[in-house]
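Okay, here's what each chain looks like letter by letter:
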Amino acid sequence: MSGARSAGTSAEADGETRIRVVVADDQAIIRDGLVTVLGLLPDVEVVGAAADGAEAVALAVAERPDVVLMDLRMPVLDGVGATERITRDAPGVAVLVLTTFADDESILTALRAGARGYLTKDAGRAELAAAVRAVARGQSTFAPEVGARIVGSLTAPAPARAADRADALLVRFPTLTRREAEVLGLVADGLSNGEIASALFVGGSTVKTHINAIFAKLGVKSRAQAIALVRR
């Protein structure tokens, strides 16, 4: 097993420093294509390819590449779980997400796990090359549409009373989880599912799941009934 190397300073070849990259994607045609594209770059050396998240972690720990190019939806261990483990077990390795998904929940969970960059799979060769070089230098980089969603999530208004409201609701409705109490409070404040998702940095489907659970636990059938119960 090779020792840890600082980003962008490993693998001397032809007198030049190369960026060492591991590619992780469960689709062979995409994985092989990425290996080929990256292999054509004069300053990049592909040192491994993984078909699932567990393989990606093992390669990151063994090879200590500068960058792991990480898909999110993979078997055995998904990209978020793999990113968390790499961040913990090989902290000098930068993770650059390359995925089909650009929803708020996918983006934010990947960033919380430690990803340094986030691209979608419609990125061109030049954008991919620039992103690999950027994260290898220790910079963060995002596809334009991803950056816009991050800014939107961070600047979305969240009611200042959300935390206090959740504490009070948990006292009144102890069967709720804390997250369900937070969602119920925001429902009572009149926020839509989309606004609640932005305020809590989760996906719309997650909000729907919480609301269905809230309705079942409180014995109500509509938002209006839930709001009336909270305001009673």
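Below is a summary of the structure that appears in this document. The shown structure was predicted, so the numbers you read here are calculated from the model rather than taken from an experiment.

**Quick word on the packing of aromatic side chains**
In this structure the tally under the stated criterion is zero aromatic pairs. The ring of Phe101 is capped by Arg73, whose NZ or CZ atom sits 4.1 Å from the centre of that ring.

**Thoughts on the pattern of salt bridges**
The tally for this structure, following the rule as stated, stands at eight salt bridges. Glu63 is the salt-bridge partner of Arg20, the closest N and O atoms lying 3.1 Å from each other. Placement of the pair is Arg20 in strand β3 (residues 19–24) and Glu63 in helix α2 (residues 53–63), with a sequence separation of 43 residues. What makes Glu63 partly exposed here is its relative accessible area of 25%. Note that Arg88 and Asp89 form a salt bridge whose closest N and O atoms lie 2.8 Å from each other. Judged by its relative accessible area of 31%, Asp89 falls in the partly exposed class. In the salt-bridge network here, residues are joined through shared partners; they are Asp25, Asp71 and Lys121.

**Focus: the sheet that holds strand β4 (residues 44–50)**
Here six strands make up an open sheet; going across it, the order is β4-β3-β5-β6-β7-β8 and the pairing parallel. The sheet terminates laterally at β4 and β8 (141–142), the two strands that pair on one side only. As judged from the two bridges shared by strand β7 (residues 117–120) and β8, these two strands associate in the parallel manner. If you follow Gly117 over to β8, its bridge partner there is Thr141.

**Let's talk about the nonpolar core**
Residues Val21, Leu38, Val67, Met70, Ile86, Leu96 and Val132 are the most contacted members of the largest nonpolar core, which totals 46 residues. Among the elements that make up this core, the one with the highest residue count is helix α5 (residues 125–136) (six residues). If we ignore the near neighbours within four places in the chain, the residues touching Val21 are Leu38, Val44, Glu45, Val46, Val47, Gly48, Pro65, Val67 and Val132. Of all hydrophobic cores here, the second largest spans 25 residues; its members include Ala166, Phe173, Ala197 and Leu200.

**A closer look at unusual backbone geometry**
Its identity is not glycine, yet Arg64 carries a phi of approximately 50 degrees, on the positive side. Examined against the element boundaries, Arg64 turns out to sit in the loop between α2 and β5 (67–70). For Arg64, a relative accessible area of 16% corresponds to the buried category. Positive phi values are uncommon outside glycine, yet Val76 reaches one of about 70 degrees. Overall, the relative accessible area of 72% leaves Val76 in the exposed class.

**Quick look at the environment of Val21**
Tracing the chain through its elements places Val21 in strand β3. Judged by its relative accessible area of 0%, Val21 falls in the buried class. Sequence separation of Val21 and Val46 is 25 residues, and the distance between their C-alpha atoms is 4.7 Å.

**Focus on the packing of helix α8 (residues 178–188) against helix α9 (residues 193–200)**
At a closest axis distance of 10 Å, the pairing of α8 and α9 adopts a crossing angle of 130 degrees. In terms of their interaxial angle, α8 and α9 are classed as oblique. Crossing angle aside, the handedness with which α8 passes α9 is right-handed. On α9, the residues that touch Arg179, Glu182, Val183, Leu186 and Val187 of α8 are Ile196, Ala199 and Leu200.

**A word on the layout of surface pockets**
Quantified by volume, the largest pocket comes out at close to 160 Å³. Around the largest pocket sit Ile29, Ile30, Leu34, Val37, Leu98, Lys121, Ala123, Gly124, Arg125 and Leu128, which together line it. Sorting the residues of the lining of the largest pocket by element identifies α1 (28–39) and α5 as the ones contributing at least two each. Among the elements that line the lining of the largest pocket, the one with the most residues is α1, at four residues. In terms of residue class, the lining of the largest pocket is made up of seven nonpolar, one polar and two charged.

Calculation notes
Residues numbered from 1 in each chain as written. Predicted model: local features only at pLDDT ≥ 70, side-chain atom pairs only at ≥ 80, totals over all residues. Heavy atoms only, no water. Phe/Tyr/Trp six-rings, centres within 6.5 Å; stacked < 30°, edge-to-face > 60°. Lys NZ or Arg CZ within 6 Å of the ring centre and 35° of its normal. Salt bridge = Lys/Arg side-chain N within 4 Å of Asp/Glu carboxyl O. Helix = DSSP H or I, 4+ residues; strand = E, 2+ residues; numbered from the N terminus. Buried < 20%, exposed > 50% of the residue type's maximum accessible area, 1.4 Å probe, protein only. Pairing = 2+ DSSP bridges. Core = buried A, V, L, I, M, F, W, Y, C linked by side-chain atoms within 4.5 Å. Contact = heavy atoms within 4.5 Å. Axes fitted to C-alpha atoms, helices over the stretch in contact; angles between N-to-C directions. Parallel < 35°, antiparallel > 145°, perpendicular 65-115°, else oblique. Left-handed = near helix turned anticlockwise from the far one by under 90°. 1 Å grid on protein atoms, 1.4 Å probe; cavity = no way out; pocket = protein on both sides within 12 Å on 5 of 7 lines; lining within 4 Å. Points joined across faces, edges and corners; volume = space filled by probe spheres on them. Nonpolar A, V, L, I, M, F, W, Y, C, P; charged D, E, K, R; others polar.

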